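# Coordinate analysis (summary)
The primary structure of each chain is shown beneath.
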Amino acid sequence: MLTIYSEDHRHQDGKNELHNGKMVPCFEMPKRADIILERVKTTNLGAIIAPDDFGIDPILRVHDKGFVEFMATVWEEWCAAGNDCEAFANTWPTRRLRERIPIAIEGKIGYYALAIETPITSGSYKAALSSVNVALTGQKKIAAGAHSAFALCRPPGHHAAFDQYGGYCFFNNAAIAAQGFLDDGVSKVAILDVDFHHGNGTQDIFYERNDVFFTSLHGSPDYEFPYFLGWDDETGRGAGEGCNINYPLMPGTTFDIWFEALRDAGKRIKEYGAEVLIISLGVDTFAHDPISSFKLQSPDFTTYGKYIAELGLPTLFVMEGGYAVEEIGINAVNVLQGFEEGL
Ligand code: SP5
Ligand code: ZN
């Protein structure tokens, strides 16, 4: 399987995030991609190529223009306002406040943030652009006839909504790739999100559409981030009714329960009639992940990779979360090797 990778992910290198009331070193760190790349090499998964540059037009197909402009300029504005540290939001347009975009950057950042934990740094925009290019390069390879590809994206993307960043995500790589497939002539795309967290951003972007089917297995929002989306009564709206399926699962979920949900999701993808599959590949379902609570073991990743291959669709794997850094390479590449075994 072909891997797409860019060194530019290093430009997102936040110092701290707010976790359980303390500023702690960011869980989402450059070393994650280094360890995955190392495993791709040692397992001889296949060729590793650099991405092409697609500019911002494909991003504007799924994200708000004002939001993309904010991402491009936030660091400069944050520094110009006299700050000499990473940028964090601290005030939001919550219930009964107005959703009007303030002029001051301290306000604007709250308008566009969905959570407080993610630091914006001097390199966030550059890293986010490169992550989009990695996903789109994989998408183009599949559109040109490859059966699969691994977009080693970093920073991740599935929490990034139409006009919001957060959850370590800035632009929604998987959603941009899905739109890329449609723009290249595919009529039905499925996105299967196996990250531990609900893919709220991807759901948000496609919620009223029937050309992208979105399904996600994740820790129930009653207990887990992002807390305010991801229940099973969210099935899509308007033309999108029936094209969104969530599997909220209890903390402590073991592989047998998780895999049963995955097989149900796979059945629904087949029923929908998807022509192409995108996997939002988070491996924070691992039992030893430091911020998650599912119980998958490393061999389970191989098992479900094999099942994904059995769906028989051209498949683009887009890297999302996973914070047990030492094992992230084994777990992510196990999925890809399982997929190849299942062909
Ligand atoms: C892409 C991705 O995986 N983003 C995850 C962002 C999670 N950020 C908030 C984490 C909150 C962790 N809470 C720990 C207690 C769990 N019971
Ligand atoms: Zn996650």
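First, a word on what this report is: a plain description of the structure on this page.

Rules and cut-offs
Residues numbered from 1 in each chain as written. Chains lettered and ligands numbered in written order. Predicted model: local features only at pLDDT ≥ 70, side-chain atom pairs only at ≥ 80, totals over all residues. Heavy atoms only, no water. Helix = DSSP H or I, 4+ residues; strand = E, 2+ residues; numbered from the N terminus. Buried < 20%, exposed > 50% of the residue type's maximum accessible area, 1.4 Å probe, protein only. Contact = heavy atoms within 4.5 Å. Areas by Shrake-Rupley, 256 points an atom, 1.4 Å probe, with all protein chains shown as cover. Pairing = 2+ DSSP bridges. Axes fitted to C-alpha atoms, helices over the stretch in contact; angles between N-to-C directions. Donors = N, O, S within 2.8 Å, 3.2 Å for Na, K, Ca; no water. Expected span 1.5 Å × (residues − 1). Salt bridge = Lys/Arg side-chain N within 4 Å of Asp/Glu carboxyl O. Patch = residues over 30% accessible without salt bridge, like charges linked within 9 Å, V, L, I, M, F, W, Y side chains within 5 Å. Near = heavy atom within 4 Å. Polar contact = N/O pair within 3.5 Å; in protein donor to acceptor, adjacent residues only side chain to side chain. Nonpolar A, V, L, I, M, F, W, Y, C, P; charged D, E, K, R; others polar. Phe/Tyr/Trp six-rings, centres within 6.5 Å; stacked < 30°, edge-to-face > 60°. Lys NZ or Arg CZ within 6 Å of the ring centre and 35° of its normal. Disulfide = S-S within 2.5 Å. Core = buried A, V, L, I, M, F, W, Y, C linked by side-chain atoms within 4.5 Å.

## Quick word on the overall build of the protein
Of the regular secondary structure elements, the protein holds 10 helices and 10 strands. In terms of overall dimensions, the protein has C-alpha extents of about 55 × 45 × 40 Å along its principal axes. Within the protein, the proportion of its 343 residues that are buried is 58%. Look at the contacts in the protein between residues 6 or more apart in sequence, and 77% of them connect residues 24 or more apart. With the model as given, the accessible surface of the protein reaches about 13,500 Å², and the carbon-plus-sulfur share is 51%.

## Here we look at the sheet that holds strand S9 (residues 276–281)
Read across the open sheet, the 8 strands follow the order S4-S1-S5-S10-S9-S6-S7-S8; overall the sheet is parallel. Bordering the open sheet on either side are strand S4 (48–49) and strand S8 (244–249), each of which pairs with just one other strand. As paired elements, strand S7 (residues 212–219) and S8 share 6 bridges and run parallel to each other. Across the sheet, the residue bridging to Ser-216 is Asn-246, located in S8. Seen against the sheet, helix H8 (residues 255–272) touches strand S6 (189–193), S7, S8 and S9 and runs at an angle of roughly 175° to S7. Across the sheet, helix H10 (residues 325–342) touches strand S5 (148–151), S9 and strand S10 (315–319), and the angle it forms with S10 is around 175°.

## Concerning the coordination of the zinc ion (ligand 2)
At this site the zinc ion (ligand 2) is bound by Asp-195 (OD), Asp-195 (OD), His-197 (ND1) and Asp-284 (OD), with donor distances of 1.9 to 2.7 Å. Counting gaps between the donor residues of the zinc ion (ligand 2) yields the pattern D-x1-H-x86-D. Per residue, the accessibility class of Asp-195 equals that of His-197, and both read buried.

## What about helix H5 (residues 124–143)?
Spanning 20 residues, H5 covers 29 Å between terminal C-alpha atoms, matching the ideal 28 Å at 1.5 Å per step. Counting buried positions along H5 yields 14 of 20 residues, so the element is predominantly enclosed. Remark: Gly-145 follows H5 within two positions and exhibits a positive phi of approximately 125°.

## Regarding the pattern of salt bridges
Scanning the model with the defined rule gives 13 salt bridges in all. One salt bridge in this structure joins Glu-69 and Lys-65, with 3.1 Å as the shortest N-O distance. Residue Glu-69 and its partner Lys-65 are located together in helix H3 (residues 65–80), separated by 4 residues, close to a single helical turn. When its relative accessible area of 44% is taken as the criterion, Glu-69 is described as partly exposed. Here Lys-65 falls in the exposed class, since its relative accessible area comes to 53%. Taken together, the shared-partner salt bridges connect Glu-7, Arg-10 and Asp-34 into one network.

## Structural notes on a nonpolar patch on the surface
Taken together, Leu-18, Met-23 and Ile-116 make up a surface patch of nonpolar side chains, about 240 Å² in accessible area. The residue Met-23 is located in strand S3 (residues 22–25) in this model. Look at Met-23 and you get partly exposed, because its relative accessible area is 47%.

## Considerations on the site of ligand 1
The environment of ligand 1 is made up of 13 residues, and the closest members are Glu-117, Gly-167, His-197, Asp-284 and Tyr-323. Contact distances for ligand 1 include 3.3 Å between a nitrogen atom and a side-chain N or O atom of His-159. Interatomic distance of 2.5 Å between a side-chain N/O atom of Tyr-323 and an oxygen atom of ligand 1. Here the shell around ligand 1 is built from residues that sort into 4 nonpolar, 5 polar and 4 charged.

## Section: the packing of aromatic side chains
Scanning all chains against the criterion turns up 19 aromatic pairs. Pairing Tyr-125 with Phe-171 gives two aromatic rings, centres 6.2 Å apart and planes at 80°, and the pair type is edge-to-face. With a gap of 46 residues between them, Tyr-125 in helix H5 and Phe-171 in the loop between S5 and helix H6 (173–183) connect regions that are remote in the sequence. Assessed through its relative accessible area of 22%, Tyr-125 is described here as partly exposed. Accessibility expressed as a relative area gives 1% for Phe-171, which makes it buried. These aromatic residues form a ring-pair network of at least three members: Phe-67, Phe-70, Tyr-111, Tyr-112, Tyr-125, Tyr-165, Phe-170 and Phe-171. Looking at Lys-188, its charged tip hangs above the ring of Tyr-272, at a distance of 4.6 Å from the centre.

## A short note on the state of the cysteines
What is meant by a disulfide is a covalent connection between two cysteines, made through their sulfur atoms. Enumeration over the complete set of coordinates arrives at 0 disulfides. Cys-85 supplies the cysteine sulfur nearest to Cys-79, a cysteine that is in no disulfide, at a spacing of 8.5 Å. With no disulfide partner, Cys-153 has as its closest neighbouring cysteine sulfur the one in Cys-169, 10 Å distant. On the basis of relative accessibility, which here comes to 2%, the residue Cys-153 falls in the buried class.

## Points about the nonpolar core
Within soluble globular proteins, side chains that are nonpolar tend to cluster in buried spots. If you look at the biggest cluster of nonpolar residues, it comprises 100 residues, and the most contacted ones within it are Tyr-165, Leu-281 and Tyr-304. Looking at this core, the element that brings in the most residues is H8, giving 8 residues. If near-sequence neighbours (up to four positions away) are discounted, Tyr-165 is found in contact with Phe-67, Phe-70, Met-71, Ala-89, Ile-109, Tyr-112, Ala-113, Leu-114, Ala-115, Thr-118, Ile-120 and Phe-170. Judged by nonpolar contacts, the second largest core, of 5 residues, contains Val-24, Phe-27, Tyr-168 and Tyr-323.

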